[in-house]
Amino acid sequence: MASIIESCWLGLISHFNDFQLACLGSFFLHESVFFLSGLPFIFFERAGWLSKYKIQTKNNSPAAQEKCITRLLLYHFGVNLPVMIFSYPVFKFMGMRSSLPLPSWNVVLTQLIFYFILEDFVFYWGHRILHTKWLYKYVHSVHHEYATPFGLTSEYAHPAEILFLGFATIVGPAITGPHLITLWLWMVLRVLETVEAHCGYHFPWSLSNFIPLYGGADFHDYHHRLLYTKSGNYSSTFTYMDWIFGTDKGYRKLKALKSTGDEDGCKQT
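As the structure is a prediction and not an experimental result, all values here were calculated from the model. (Residues numbered from 1 in each chain as written. Predicted model: local features only at pLDDT ≥ 70, side-chain atom pairs only at ≥ 80, totals over all residues. Heavy atoms only, no water.)

Here's the deal with the UniProt feature "transmembrane region" (unreviewed entry) in the protein chain
Cross-referencing UniProt, the feature "transmembrane region" (unreviewed entry) maps to residues 19-44, 72-91, 103-125 and 162-187 in the present numbering. Helix makes up 100% of residues 72-91 and strand 0%, whereas the separation of the span's terminal C-alpha atoms amounts to 25 Å. This span, residues 103-125, is 91% helix and 0% strand, and a straight line between its end C-alpha atoms measures 32 Å. (UniProt positions renumbered as here; feature names shortened; annotations may be inferred. Helix = DSSP H or I, 4+ residues; strand = E, 2+ residues; numbered from the N terminus.)

Here we look at the packing of aromatic side chains
For the coordinates displayed, the defined rule picks out 26 aromatic pairs. When the centroid spacing of 5.6 Å and the interplanar angle of 5° are considered together, the rings of Y201 and F203 count as stacked. Its relative accessible area of 2% is what places Y201 among the buried residues. One aromatic cluster in this structure is built from F41, F44, W49, Y53, Y201, F203 and W205. The ring centre of F123 lies 5.8 Å from the NZ or CZ of R190, which sits over that ring. (Phe/Tyr/Trp six-rings, centres within 6.5 Å; stacked < 30°, edge-to-face > 60°. Buried < 20%, exposed > 50% of the residue type's maximum accessible area, 1.4 Å probe, protein only. Lys NZ or Arg CZ within 6 Å of the ring centre and 35° of its normal.)

A look at the packing of helix 2 (residues 18-47) against helix 7 (residues 180-197)
It is at 10 Å that the axes of helix 2 and helix 7 come closest, and there the two elements cross at 25°. Relative to helix 7, the element helix 2 is oriented roughly parallel. The crossing of helix 2 and helix 7 is right-handed. Facing L21, A22, G25, S26, L29, H30, V33, F34, S37, G38 and F41 of helix 2, the residues of helix 7 in contact are L180, W184, M187, V188, V191, L192 and V195. By residue class, the composition of the contact of helix 2 with helix 7 is 13 nonpolar, five polar and no charged. (Axes fitted to C-alpha atoms, helices over the stretch in contact; angles between N-to-C directions. Parallel < 35°, antiparallel > 145°, perpendicular 65-115°, else oblique. Left-handed = near helix turned anticlockwise from the far one by under 90°. Contact = heavy atoms within 4.5 Å. Nonpolar A, V, L, I, M, F, W, Y, C, P; charged D, E, K, R; others polar.)

Side note on the side chain of D120
With respect to the helices and strands, D120 occurs in helix 4 (residues 105-130). Of the buried charged residues, D120 lacks a salt bridge, with R190 as the closest side chain of opposite charge at 6.8 Å. (Lys, Arg positive; Asp, Glu negative; His and termini not counted. Salt bridge = Lys/Arg side-chain N within 4 Å of Asp/Glu carboxyl O.)

Side note on a nonpolar patch on the surface
A cluster of nonpolar side chains, namely F121, W125, W243, I244 and F245, defines an oily patch on the protein surface of about 540 Å² accessible area. At the level of elements, helix 4 and helix 9 (240-245) are the ones that each hand at least two residues to the nonpolar patch. (Patch = residues over 30% accessible without salt bridge, like charges linked within 9 Å, V, L, I, M, F, W, Y side chains within 5 Å. Areas by Shrake-Rupley, 256 points an atom, 1.4 Å probe, with all protein chains shown as cover.)

See below:
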C-alpha cells in the first residue's frame, strides 16, 4: 500500500512543482472535497430525503441555498486562494516539503492530533470573541444568516472571519512545517468535519455517537438556532473547551430534558 501511494506521489511531483502543488493543488483539493461533501445535503433538503434524521423541521429556500453557493465561490477565489498563495513562503520557511520519502504514519498521526488539539483551542477563543456585540453585528452575523445550517454554510462567512478563524486551521501546520501530504490530509479531515457539523442531520452513524467529546451536527446546530448571546457551543471539532468553561450548559441541559422526556414516554407506552 505504501509503495502504491509513493508511486502516485512521485507522479505528482514529477509533473508539478512545489508552488503548484501547495497552492493550486491545495485549492483544487479543498474545492473538490468541500462541494462534493456539502452539495448532497442541499438535494436531501429539497427532496425531503432522510427527513427523519433532520435536526430542524425548517428548510432553506432554493434562493437562499443559491445565494450561499454564489457567495462561497466569490470568497473562495477572492480570499481563500490568495491566502494559500501568500502563505506559501511561510510554510516553505517552516520546512514544508513535497519530496520523497513520504513521512511515516506515526509522524503523520502525531501531527494531525496536534493540529486538532491546537485548532480546537484557538478556534474556541476566536469564535467566542466573534460573539461579542460589535464583532457579531459587523462580522459573525453573516455566518449566522442561516439559522438552519446545511453543509455548505460551514464556510459561508464574512471575509474578515475567514481570515480570523482560518488562522486556527493553519497555525498548526505553519508551526510544524509538515510534508504536503500531511497538510492535505489535515485539510480534508477539517473540511469533512465542518461540513458534517453544519449539515443539519444527525444520523445513527454520526461520529458523535461513537467518539467521546466529538461535537458533530447536533452540537453545532444548537449554536445556530439560538440568540448569539446565549448560544454557547463555540467549539470546533471536539467539545472539551466548552465543557471546561461551561459554555455548553444550555445544550447539555436541553439534552438531559429530552432524554428524560424520551424515558418517560417509553415508560408510559
